[in-house]
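# Remarks on the overall topology
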Number of protein chains: 2
Amino acid sequence: MSAPKLDVLAIGNAIVDVLARAEDDFLANHGMNKGGMALIDESQAEAIYGAMGPGTEISGGSAANTAVGIATLGGRAGFIGKVREDALGAVFGHDIRAAGVTYSTPAAQAGAATARCLILVTPDGERTMNTFLGAAQDLTSTDIDEELVRSAAVTYLEGYLWDPPAAKEAFLTAAKVAHQAHRKVALTLSDAFCVDRYRAEFHKLIHSGTVDLVFCNEVELKSLYETADYDTALDKLKQDAKEAVVTRSEQGASFISAEGVVRVPAYPVERVVDTTGAGDLFAAGFLTGYTKGLEPTDCLHLGAMAAGEIICQLGARPQRNLLDLARENGLLS
Amino acid sequence: MSAPKLDVLAIGNAIVDVLARAEDDFLANHGMNKGGMALIDESQAEAIYGAMGPGTEISGGSAANTAVGIATLGGRAGFIGKVREDALGAVFGHDIRAAGVTYSTPAAQAGAATARCLILVTPDGERTMNTFLGAAQDLTSTDIDEELVRSAAVTYLEGYLWDPPAAKEAFLTAAKVAHQAHRKVALTLSDAFCVDRYRAEFHKLIHSGTVDLVFCNEVELKSLYETADYDTALDKLKQDAKEAVVTRSEQGASFISAEGVVRVPAYPVERVVDTTGAGDLFAAGFLTGYTKGLEPTDCLHLGAMAAGEIICQLGARPQRNLLDLARENGLLS
């Protein structure tokens with residue numbers, strides 16, 4: 001087993017976000033679940049886009065955001081995800097490479113357009129996402145660069161990959177290759193509705209050891225174990241998962257392992273602008289510390305800092321230098 | 001002469017902005033004039049885009065920004081400008097209509113792609129622009145909806161329209177139709193380098209009365225009269241122009257007319273994030289007051305407020321409700 005060349009290889013849906021401000025009424029009138037992620041088809045995407053306000057286009061995608069966050073914190077990150085060869089695909093590719101992430105998944109030459117996520121940001125800063133998967137659906141096992149997987153200390157997979165049917169196979173291929181190379185596999189549960197769609201399969205992934213490290217927030221955790229009680233759900237996760245990170249917004253976050261549970265409070269935030277990417281950047285901060293071998297408490301602090309910073313701006317790609325911020329906070333040297 | 005249906009019809013290059021943070025070194029290494037606007041071809045656009053950092057795509061275009069600003073302040077605004085039928089063209093059209101601006105210029109079915117402006121924002125908030133004109137070059141006199149021109153109290157033209165060769169004719173057609181309908185014609189000088197390219201023609205437009213109201217900043221004014229002395233340039237403008245608005249960043253702004261000169265200080269700003277759109281939004285605020293028949297001082301205050309607000313955010317399209325802000329400031333009811 002050679003030393004890893006990448007700290008984290010993230011695999012997920014390659015998506016460009018279109019962010020617009022909206023009132024709560026808009027969500028209600030369009031039957032959207034506030035705070036959630038809904039899958040939409042092309043005609044729904046056109047209808048919502050036509051009705052929503054002026055937008056800002058920023059590259060997104062949950063695992064891609066995490067990869068960019070890690071690179072911005074000075075870590076070595078790679079990404080695998082599928083775009084179409086079109087204008088938004090070019091934007092996605094430019095942005096992730098410009099952030100310092102290794103990315104070479106070939107763009108689809110035909111088929112659906114590059115995925116986009118229509119994100120409505122309400123006055124309270126909460127984001128409600130509507131994803132047209134498009135070309136992201138075309139990710140298959142053949143897109144998994146096995147050499148890249150073997151070269152990464154952690155392969156990080158998003159639960160949303162369970163939505164595009166062929167991507168599931170790509171996910172399992174990557175996990176198998178990673179374990180054969182004695183690397184670790186991490187999974188984020190992504191979204192409570194996503195957990196609801198694939199609960200049994202997610203249980204199996206965690207329970208069977210296909211996944212070594214689980215990321216989730218409180219709502220996803222409760223959905224996984226179908227309980228309204230946080231402590232009950234946490235106890236079950238402790239039994240099932242080797243290691244797990246659970247985030248609870250302003251109530252801080254916990255790391256669970258065989259050593260027990262470690263907790264940190266939330267990072268202080270002046271004004272929430274847009275919560276898009278909070279979970280993605282928490283994972284970025286945590287994994288940056290984790291792959292450097294930092295103590296779990298410091299990994300959690302790094303996650304809380306990155307999440308706290310990203311909710312003070314629009315979109316899930318950091319505008320501020322997170323490495324400088326981590327140094328100011330004494331979390332990285 | 002019937003009552004105008006639009007307060008302002010803006011005509012300009014239809015552009016999507018790609019904004020990225022950059023250090024001053026980046027500008028120097030690429031031979032860019034800090035704070036200016038340079039025209040680039042497609043291969044230069046690719047080279048700069050490839051080298052620049054992760055971007056944020058926001059609809060732009062100088063006169064288009066002004067039209068959106070007016071609509072956001074509760075005014076009735078229209079826009080004429082050319083995009084290609086492509087992904088960025090769709091973004092431009094969606095955003096300007098979603099802001100409440102009348103926009104129906106047919107998109108080009110062939111030819112160059114929708115125009116984009118690569119904007120480097122340095123740590124001091126200054127923006128340096130690199131414009132690939134693309135489909136904006138295809139604006140011709142046939143795109144001038146004469147009924148729309150006649151319906152607007154003011155037709156507002158950007159000096160940048162002098163760059164695409166055919167657009168110059170469209171500009172002159174619009175000015176002629178507006179004057180035949182006893183409406184006013186306004187011109188912004190756009191940029192000091194633009195003034196340098198078309199100085200003699202701009203002098204003629206102002207001197208001949210093709211333009212009734214001129215907008216410029218201090219640097220453009222000095223370039224127009226080829227002098228380093230502000231007062232000398234201002235005196236010359238007083239003699240040449242019927243009416244003019246001159247902005248001087250933190251030194252405030254002036255309105256010149258046969259009645260004399262009126263001055264207001266700059267609007268207080270906490271922290272400059274990105275100066276993109278400062279001049280465009282100043283014009284938006286001023287014209288909103290002007291077409292409502294407000295006193296020149298109040299028109300200038302509205303301009304200063306809109307400009308002061310836009311430089312506290314990324315991009316030239318207002319994220320905050322400017323009408324609410326104008327009401328809080330007692331400038332609009």
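Residues numbered from 1 in each chain as written. Chains lettered and ligands numbered in written order. Predicted model: local features only at pLDDT ≥ 70, side-chain atom pairs only at ≥ 80, totals over all residues.

## Topic: the overall build of chain A
In terms of regular secondary structure, chain A is built from 12 helices and 14 strands. In summary, chain A has a C-alpha radius of gyration of 18 Å against a globular reference of 20 Å for 333 residues, a match within 12%. A total of 333 residues make up chain A; the buried ones form 56% of that total. Long-range pairs, those at least 24 residues apart, make up 76% of the contacts in chain A between residues at least 6 apart in sequence. (Helix = DSSP H or I, 4+ residues; strand = E, 2+ residues; numbered from the N terminus. Rg over C-alpha atoms; globule rule 2.2 N^0.38 Å. Buried ≥ 20, exposed ≤ 12 C-beta atoms within 10 Å, placed from the backbone. Contact = placed C-beta atoms within 7 Å.)

## Focus: the sheet that holds strand β1 (residues 6–11) of chain B
Residue and element names in this part refer to chain B. Reading across from one edge, β6-β5-β1-β9-β10-β11-β12-β13-β14 is the order of the nine strands in this open sheet, with mixed pairing throughout. One side of each edge strand has no neighbouring strand; the edge strands of this open sheet are β6 (102–103) and β14 (260–264). Bridging between β1 and strand β9 (residues 152–158) involves five bridges; their strand directions are parallel. Within β9, the position partnered with Leu9 by the bridge is Thr155. (Pairing = 2+ DSSP bridges.)

## Concerning the interface of chain A and chain B
Facing the 20 residues of chain A at the interface are 20 residues of chain B. Contributing elements (two or more residues each) for the side of chain A that touches chain B: β4 (56–59) and α4 (87–98) of chain A. Among the elements that take part in the side of chain A that touches chain B, α4 of chain A stands out by supplying six residues, more than any other. Taken together, the residues of the side of chain A that touches chain B break down into nine nonpolar, six polar and five charged. Sheet analysis places β4 of chain A next to strand β4 (residues 56–59) of chain B, joined by two bridges and oriented antiparallel. (Nonpolar A, V, L, I, M, F, W, Y, C, P; charged D, E, K, R; others polar.)

## Here's the deal with the sheet that holds strand β6 (residues 102–103) of chain A
Residues and elements named next belong to chain A. Pairing is mixed in the open sheet, where nine strands are placed in the order β6-β5-β1-β9-β10-β11-β12-β13-β14. Because the sheet does not close on itself, it has two edges, and the strands there are β6 and β14 (260–264). Bridge count for strand β12 (residues 243–247) against strand β13 (residues 253–257) is four bridges, and the pairing is antiparallel. Each bridged residue has a counterpart across the sheet, and for Val245 the counterpart in β13 is Phe255. In the packing of helix α10 (residues 278–291) onto the sheet, the strands contacted are β1 (6–11), β9 (152–158), β10 (184–188), β11 (213–217), β12 and β13, and the crossing angle to β9 comes to about 165°. Strand contacts of helix α11 (residues 296–310): β13 and β14, with the helix running at about 40° to β14, the strand carrying the most contacts. (Axes fitted to C-alpha atoms, helices over the stretch in contact; angles between N-to-C directions.)

## Focus: the confidence of the model for chain A
Confidence in the prediction for chain A averages 97 pLDDT; 100% of positions are at 70 or higher. Two numbers describe this predicted complex: its pTM, 0.95, and its ipTM, 0.93. (pLDDT = per-residue confidence, 0-100.)

## Some remarks on the relation of the copies chain A and chain B
Expressed as a screw transformation, the operator carrying chain A onto chain B has a rotation angle of 180° and an axial translation of 0.0 Å, and the superposed copies differ by an RMSD of 0.0 Å. What we have between these two chains is a two-fold relation. The rotation axis passes nearest to the C-alpha of Glu57 of chain A in chain A, at a distance of 2.4 Å. (Least-squares fit on C-alpha atoms with pLDDT ≥ 70 in both.)

## Section: the nonpolar core
Formed by 232 residues in total, the largest nonpolar core has its most connected members in Val8 and Ala67 of chain A together with Val8 and Ala67 of chain B. In contact with Ala67 of chain A, other than residues within four places in its own chain, are Val8, Ala10, Ala77, Gly78, Phe79, Ile96 and Val101 of chain A. (Core = buried A, V, L, I, M, F, W, Y, C linked by C-beta atoms within 7 Å.)

## Some thoughts on the packing of helix α10 (residues 278–291) of chain B against helix α11 (residues 296–310) of chain B
Each pair of packed helices can be summarised by the angle the axes make with each other and by the distance between the axes. Residues and elements named next belong to chain B. Between α10 and α11, the shortest axis-to-axis distance is 7 Å and the interhelical angle comes to 150°. The way α10 lies across α11 gives a crossing that is right-handed. Every residue of α11 that contacts α10 at Ala278, Leu281, Phe282, Ala283, Ala284, Gly285, Phe286, Thr288, Gly289 and Tyr290 is listed here: Asp298, Cys299, Leu300, Leu302, Gly303, Ala304, Met305, Ala306, Ala307 and Ile310. Along the lines of polarity and charge, the residues of the contact of α10 with α11 split into 15 nonpolar, four polar and one charged. (Left-handed = near helix turned anticlockwise from the far one by under 90°.)

## Considerations on unusual backbone geometry
The phi torsion at Ser249 of chain A lies on the positive side, around 50°, for a residue other than glycine. The residue Ser249 of chain A is located in the loop between β12 and β13 in this model. Given 16 C-beta atoms within a 10 Å radius, Ser249 of chain A is considered partly exposed. Phi at His182 of chain B takes a positive value of approximately 60°, unusual for a residue other than glycine. Among the secondary structure elements, His182 of chain B is positioned in the loop between α6 (167–180) and β10 (184–188).

## Re the environment of Phe282 of chain B
All names here are of chain B. Locating Phe282 in the fold gives a position in helix α10. Taking the number of C-beta atoms within 10 Å as the measure of exposure, Phe282 has 28 and is therefore buried. For the pair formed by Phe282 and Arg97, sequence separation is 185 residues and the distance between their alpha carbons is 21 Å. Once you skip the residues sitting within four places of it in the chain, Phe282 turns out to touch Thr247, Ala253, Gly303, Ala304, Ala306 and Ala307.

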